[in-house]
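The residues making up each chain are set out below.
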Amino acid sequence: MALKFTVFSIIFLASAVVSFFVAYISWKKRNIKSAIDFTLFMLSAGVWSLFVVFETAAVTEVGKLIWAKLEYLGAVTAPVFFFMFVIKYTDKENFIGKTFRTSLFILPALSLLLAFTNEWHHLIWSSFSPIHATTNIMEYHHGSWFWIGYVGYNYILLFSASILLLSFIKHNKKPFRTQAWILIAACFCPWTASIIYLFELNIIPGLDITPLSMILSGILLAYALFYSRIFELIPVARDILFDILPDAILVVDGKNRIIDLNEAASEIFEVSKTEVLGGTIHSKNENVMALFGAAIAPEYVDEYNLDHKDGRKAFHIVKKPIKEGSDIRIIILKDISDQLVWQNEVMEGEEKYANMYEMFRLLADNTDDFLWIKDLENKYIFCNKTMADRLLCAKDTEEPIGKTDMFFAERERAKHPEDKNWHTFGELCANTDTLVLQEKKQMQFDEYGNIRGQFLYLDVHKTPIRNEFGKIIGVAGTGRDVTQTKKIEEEKNKALEALIINEKNLKRINDEKDKFFSIIAHDLRSPFNTFIGFTQLMSEEIENFSIQEIQRIADNMKKSATNLYALLENLLQWSQLQRGLNGFEPEITSLANIIEECLPSIIEAASKKNIRILQDFTVQPKINADKNMIQSVIRNLASNAIKFTPKDGRVLISTQKAGPNLVEIEVKDTGIGMSPDMVDKLFKLHENTNRLGTEGEPSTGLGLILCKEFVEKHGGQIRVASKIGRGTSFFVTLPVQ
């Protein structure tokens, strides 16, 4: 299909790249609500723009129509995905069911079908204008379904999405309102471009800039994604969460301006929500201002006391960035006044503390997971029963206290010094504890080893423990036995490897089948045709031939029959070998005897071209071989040597020692030789190595493939050395007895 890329093609390509880039960024946030629908919307827009690249570059009406049809893959789905994104973003999905969401794709699917079958009904495109010589643009005149089922439906979706966003703006506060306006601007970009195209307001006739407008939508949405943090806070979730929590919550930016606060915060700071949003808190109450100062200060505040109208209050102030690297912080002021009273009561009642510990111990000891706590020296200060019994092999849960993993590992090894792998679990644990203390964060590890001769694989999670002042005092860990899960994964991988091997074997079988059919279709038919031709000639003209002519025809028929027999013999042997019907029956025998039994037929074939067969059996070892297979190898190699050697040439069959317990058979000729490319293709079933001998003898290459399989069945190797015009040598290496 001829293409002529123009400046329009480049612009649309840029549009597609931007759409795909924004989709990629959104996909990385796919764990956030509505991000997947946004990703699908941008992918559809990118697909639309990408196919427009080729539609603007096509130089024929047929070519442009093909790409125009493919454009509909993105054109009909983009509005649906945008509508679904807006529904989820504004938290309206509870009002529609899965059936409704599925039904949204019915009309787009029908539009797509009509586009691909337009030649039968012209409901999408009724006619086309000639391609403009300068712009390479073709104008499309549209049918009835285009206006009703495609344009009308898309406008309904875009209009509905806009209404939802406008309603959202009306009922939500300033930070989220900005996000929604950005979305509406992005929504109206393709809408405006579509109107320009449909009402022929474009300065370039026929150019549909609707997909081009996607680049502007992509930029706006990318801005929202990176700077307005469109997915970092779900608006409706904020309404529900902020106002029901009893703790006071503030959201402030890097300049300590109030972005949001809940009812509890409004009450504590004695302000209304509307008067402080976008600004800061100002109050004549010094206690309130002092509390606000403590809240926005960067320092850690574990307890802050305040004289409040309801009495003396104590607050625990938590400050966290909404996202790592973000300057927006969420500040939670937890009223711990009652908690402090409760703590004092707990400290005064040791029995209550003991009961709590017993409950915790009961819970920990009745779980199948491994639970433990260590100090900074990797010594246990707590472990549950599962840990003590299965991993440490301790007497009880008290024995590990003050001891390390290696204490128990070495104790178990000492019981079985004869088995180094009796107990190998323990060494890795100390290293991961140190790593958690260095990184000062929660981490996951795969730990494994033998416990009393039984392999164990754990999914381990460890986290540093801090005291009330934030100082790290130890490491807490949990482990889950995933040994069976890992075994299942290994079995799955093995099954996959077996599937790959079967696929390769299937390909090899198909190659063999193709080669077999090729030989039957071409190489086997040719000698048959020759033979039939000679018989027909004798049948119809024999009374007109002399004795000499009849003799010549008979010789040719014999030659054709001989070639046909050799080919059939190779085909039969190869077919039997592939099906496992060619029995392999090795026996101890002399290599020289095997070769000598082949010589009469080889010498007879060579005499017809006056080729001398030379022999040099330097070594005459005994080998454990299938006599018929080895003779077939020698006959095939000698036959090839005679076939590609001119008259009066020479063929040498020799044996020599090739290494310890190895003998090498060489068949060397003074023939026409082979190029390096032809040598590389030998012994490969899918390669075509057919060529005629020096007197037109046929060749299929099947004999060499048969030789290779026979030699390898004996544990040997076959190789070749050749140069054009300087002959060829085949070397067969076999093990000796």
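Remember, it's a predicted structure, so these values are computed and weren't measured experimentally. The numbering scheme is per chain: residues are counted from 1 as the chain's sequence reads. Per-residue local features of the predicted model are confined to residues with pLDDT of at least 70, and side-chain atom pairs are confined, for both listing and counting, to 80 or more; whole-chain, interface and lining totals are unaffected and use all residues. Hydrogens and water are ignored here; the side-chain numbers use all heavy atoms of the structure.

*Asks:* An account of the overall build of the chain is needed here, citing residue identities and associated values.
*Replies:* Numbering goes from the N terminus for both helices and strands, where a helix is a DSSP run of H or I of at least four residues and a strand is a run of E of at least two. Across its full length, the chain carries 26 helices and 19 strands. For the chain, contacts bridging at least 24 residues in sequence account for 59% of all contacts bridging at least 6. Here the open area of atoms and residues is found with the Shrake-Rupley method and a 1.4 Å probe, where only the protein chains shown may cover a residue. For the chain, the computed accessible surface area is about 40100 Å², with 58% contributed by carbon and sulfur atoms. By definition in these notes, contact holds between two residues if any of their heavy atoms fall within 4.5 Å.

*Asks:* Requested: an account of helix α4 (residues 78-89), with residues and values cited.
*Replies:* Multiplying one less than the number of residues by 1.5 Å gives the expected span of a helix. Spanning 12 residues, α4 covers 16 Å between terminal C-alpha atoms, matching the ideal 16 Å at 1.5 Å per step. Counted residue by residue, α4 has 11 buried out of 12 residues, so it is predominantly covered. The set of residues buried in α4 consists of Ala78, Pro79, Val80, Phe81, Phe82, Phe83, Met84, Phe85, Val86, Ile87 and Tyr89. Exposure is judged per residue with a 1.4 Å probe applied to protein chains only, and the accessible area is read against the type maximum: over 50% gives exposed, under 20% gives buried, and values in between give partly exposed.

*Asks:* Run through the environment of Ile336, naming residues and quoting values.
*Replies:* One can find Ile336 in the loop between β7 (329-335) and α15 (337-348). Ile336 has contacts with Asp302, Glu303, Ala314, Phe315 and His316, leaving out every residue within four places of it along the chain.

*Asks:* Summarise the packing of helix α1 (residues 7-27) against helix α2 (residues 35-57); cite the residues concerned and give the values.
*Replies:* For the pair α1 and α2, the least separation of the axes is 8 Å and the interaxial angle reads 165°. Taken together, the axes of α1 and α2 lie roughly antiparallel to each other. Two packed elements cross with a definite hand, and for α1 against α2 that hand is left-handed. Axis angles are defined between N-to-C directions and span 0 to 180 degrees, where every axis is a line fitted to C-alpha atoms and, for a helix, only to the segment in contact. Should an angle fall under 35 degrees it is taken as roughly parallel, and over 145 as roughly antiparallel, whereas 65 to 115 is taken as roughly perpendicular and any remaining angle as oblique. Crossing handedness is defined as follows: a turn of the near helix away from the far one that is anticlockwise and smaller than a right angle gives a left-handed crossing, while the clockwise case is right-handed.

*Asks:* Got a sec to walk through helix α3 (residues 61-75)? Specific residues and values, please.
*Replies:* Helix length check: α3 (15 residues) gives 20 Å between terminal C-alpha atoms against 21 Å at 1.5 Å per residue, within 8%. Among all positions in α3, only Gly63, Lys64, Leu65, Trp67, Ala68, Lys69, Glu71, Tyr72, Gly74 and Ala75 are buried.

*Asks:* For the sheet that holds strand β19 (residues 728-735), give the residues involved together with the corresponding values.
*Replies:* Sheet strands pair via backbone hydrogen bonds, and the direction of the pair is either parallel or antiparallel. Here, a strand pair is defined by DSSP locating no fewer than two bridges between the strands. As summarised here, the arrangement of the five strands in space is β14-β16-β17-β19-β18, forming an open sheet in which the pairing is mixed. Single-partner strands in this sheet number two, and they are β14 (612-617) and β18 (717-722). Direction aside, the axes of adjacent strands within the sheet are offset by 20° on average. Of the pairings in the sheet, the one linking strand β16 (residues 650-659) to strand β17 (residues 662-669) comprises eight bridges and is antiparallel in character. If you follow Lys657 over to β17, its bridge partner there is Val663. Sheet strands in contact with helix α23 (residues 591-607) are β14, β16 and β17, and its direction is about 170° off that of β14.

*Asks:* Got a sec to walk through unusual backbone geometry? Specific residues and values, please.
*Replies:* Where the residue is not glycine, phi is negative for most of them; where a peptide bond is considered, it is trans in most cases. The residue Glu270 is not glycine, and still its phi comes out positive at about 60°. Tracing the sequence through the fold places Glu270 in the loop between α12 (263-269) and α13 (273-276). Residue Glu270 is classed as partly exposed on the basis of its relative accessible area, which comes to 39%. Of note in the backbone geometry, Asn661 takes a positive phi value of approximately 60° without being a glycine.

*Asks:* Hey, could you go over the packing of aromatic side chains for me, with residue numbers and the actual values?
*Replies:* When the centres of two rings from Phe, Tyr and Trp lie within 6.5 Å, Trp using its six-membered ring, the rings pair. Their planes under 30 degrees apart give stacked, over 60 give edge-to-face, and anything left gives tilted. Here the structure, examined in full by the defined rule, presents 19 aromatic pairs. Relative to Trp125, the ring of Tyr72 lies with its centre 5.5 Å away and its plane at 80°, an arrangement referred to as edge-to-face. Highlighted residues: Tyr72 in helix α3 and Trp125 in strand β1 (residues 125-128), separated in sequence by 53 residues. For the residue pair Tyr72 and Trp125, the accessibility class agrees, reading buried in each case. Judged by centre distance (5.3 Å) and plane angle (40°), the rings of Phe360 and Phe382 are tilted. Pair noted here: Phe360 is in helix α16 (residues 350-365) and Phe382 is in strand β9 (residues 380-383), with a separation of 22 residues, a long-range link. On the basis of relative accessibility, which here comes to 6%, the residue Phe382 falls in the buried class. Members of the aromatic cluster, joined through ring pairs, are Tyr72, Trp125, Phe128, Tyr140, Phe146, Trp147 and Tyr150. Counted as over-ring charges are cases with an Arg CZ or a Lys NZ within 6 Å of the ring centre that also lie within 35 degrees of the ring normal. Taking NZ or CZ as reference, Arg719 lies 4.1 Å from the ring centre of Phe731, over its face.

*Asks:* How would you sum up the sheet that holds strand β11 (residues 454-466)? Please name residues and give values.
*Replies:* With antiparallel pairing, five strands are arranged side by side in an open sheet as β9-β8-β12-β11-β10. Among the strands making up the open sheet, the edge pair consists of β9 and β10 (443-451). Here the strands of the sheet are splayed against their neighbours by 25° on average, with no regard to which way each runs. Where strand β8 (residues 370-375) meets strand β12 (residues 472-481), six bridges bridge the pair, whose relative direction is antiparallel. Its bridge partner lying in β12, Phe370 is registered against Gly479.

*Asks:* Quick rundown of the pattern of salt bridges? Include the residues and the values.
*Replies:* Should a side-chain nitrogen of Lys or Arg be within 4 Å of a carboxyl oxygen of Asp or Glu, the pair is scored as a salt bridge. This model, assessed by the stated rule, comprises 22 salt bridges. Close ionic contact of Lys374 with Asp405 constitutes a salt bridge, the shortest N to O distance being 2.4 Å. One end of the pair, Lys374, is in strand β8; the other, Asp405, is in helix α18 (residues 405-415), and 31 residues separate them in sequence. For the pair formed by Lys374 and Asp405, the shared burial category is buried. In this structure, the salt-bridge partner of Lys681 is Asp677, at a minimum N-O distance of 3.5 Å. A residue pair is termed a helical-turn pair when its members lie 3 or 4 positions apart in one helix, as Lys681 and Asp677 do in helix α25 (residues 676-681) at four residues.

*Asks:* Which residues make up the nonpolar core, and what are the values?
*Replies:* Counting 40 residues, the largest nonpolar core has Ile602, Ile613, Leu637, Phe730, Val732 and Leu734 as its most contacted members. Beyond its immediate chain neighbours, meaning those up to four positions away, Leu734 contacts Ile623, Ile630, Asn661, Leu662, Val663, Ile665, Val711, His714 and Gly716. Within this scheme, the nonpolar core is defined by two criteria: the residues are buried Ala, Val, Leu, Ile, Met, Phe, Trp, Tyr or Cys, and they are joined through side-chain atoms within 4.5 Å. If you look at the next biggest cluster of nonpolar residues, it comprises 24 residues, including Ala248, Val252, Ala264 and Leu291.

*Asks:* Can you explain the side chain of Lys609? Please cite residues and give values.
*Replies:* Turning to its location among the elements, Lys609 is positioned in the loop between α23 and β14. Pairing of N or O atoms within 3.5 Å defines a polar contact, subject to two protein rules: one partner must be a possible hydrogen donor and the other a possible acceptor, and residues neighboring in sequence count only if both atoms are side-chain atoms. A polar contact of 3.3 Å, which involves the side chain of Lys609, links it to the backbone oxygen of Lys643. At 2.9 Å, the side chain of Lys609 and the backbone oxygen of Thr645 are in polar contact. The contacts of Lys609, once residues within four sequence positions are left out, are Ile642, Lys643, Thr645, Lys647, Asp648, Thr694, Glu695 and Glu697.

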